[in-house]
Amino acid sequence: MRIASRADINVTPMIDVMLVLLIIFMIVAPVIQAAVALPAAANPNPRPSDPADITLIIDRTGAYGLQSTAGVERIPSQRLAAVLGALYRERVDRILYLKADSTLGFGIVQQTLEIARRAGVRVVGAVVEQRRMPER
C-alpha cells in the first residue's frame, strides 16, 4: 500500500505573521501623523560670532533673510538659489547657519536645505533660541 504525499504549503504561520503586522501598523499609523512640538534648547551654544558666517533666517511667513553685521537683508524666494550660489562659490568653509521659525512646516525647511545644498553648502547648523525660564 502506497501513501500519496501532499505538497501543500502550510499558510497558517504566514497568516499569523500578517495579522500581527496589521495590528502593529494599525497602532503605529496614528502616532506617525501626530504633530511634533520641537523643544527649545535650555543652554544653546552662542550665536555664530564670526562676522563672515552666513545665517539664513526663515520667518513665520516663509520669507527669507540673510543676517550679517549690518542687519537682516530680505531675499525674494526666487533669488535665494542665485544669492546662495554667489556666496558659496568662493568660500572654503561652506557652512550655513539656519534659523527658522518654530511654527513653520518642515516642507519649507526641507526645500530651503535642498536649495542650499545645490548652491554649494555642505554643513548646515541650526541656530536655536534660548528658552525663557519662568521668573521666580
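Residues numbered from 1 in each chain as written. Predicted model: local features only at pLDDT ≥ 70, side-chain atom pairs only at ≥ 80, totals over all residues. Heavy atoms only, no water.

Participant: How should the environment of Ser68 be read in this particular structure?
Facilitator: Within the fold, Ser68 resides in strand S2 (residues 64-68). Sequence separation between Ser68 and Ala52 is 16 residues; the distance between their C-alpha atoms is 8.0 Å. (Helix = DSSP H or I, 4+ residues; strand = E, 2+ residues; numbered from the N terminus.)

Participant: How do you make sense of the sheet that holds strand S5 (residues 123-126) when you look at a structure like this?
Facilitator: In sheet architecture, strand pairing relies on hydrogen bonds along the backbone and comes in two forms, parallel and antiparallel. The 5 strands lie next to each other as S3-S2-S1-S4-S5, forming an open sheet whose pairing is mixed. Two strands bound the open sheet, and with one partner strand each, they are strand S3 (71-75) and S5. When the angles between neighbouring strand axes are averaged without regard to direction, this sheet yields 30 degrees. With 5 bridges joining them, S2 and S3 adopt antiparallel strand pairing. Of the residues in S3, the one forming a bridge with Gln67 is Val72. (Pairing = 2+ DSSP bridges. Axes fitted to C-alpha atoms, helices over the stretch in contact; angles between N-to-C directions.)

Participant: So what exactly am I meant to see when it comes to the nonpolar core here?
Facilitator: The nonpolar side chains of soluble globular proteins are, as a tendency, buried together. Ranked by size, the top nonpolar core spans 18 residues in total, and within it Leu56, Leu80 and Leu96 carry the most contacts. Breaking this core down by element, the ones donating at least two residues are strand S1 (54-58), S2, helix H2 (80-88), strand S4 (95-100) and helix H3 (106-119). Discounting residues that sit within four places of it in the chain, Leu56 has contacts with Tyr64, Gly65, Leu66, Leu80, Leu96, Tyr97, Leu98, Lys99 and Thr112. (Core = buried A, V, L, I, M, F, W, Y, C linked by side-chain atoms within 4.5 Å. Buried < 20%, exposed > 50% of the residue type's maximum accessible area, 1.4 Å probe, protein only. Contact = heavy atoms within 4.5 Å.)

By themselves these figures say nothing about function.
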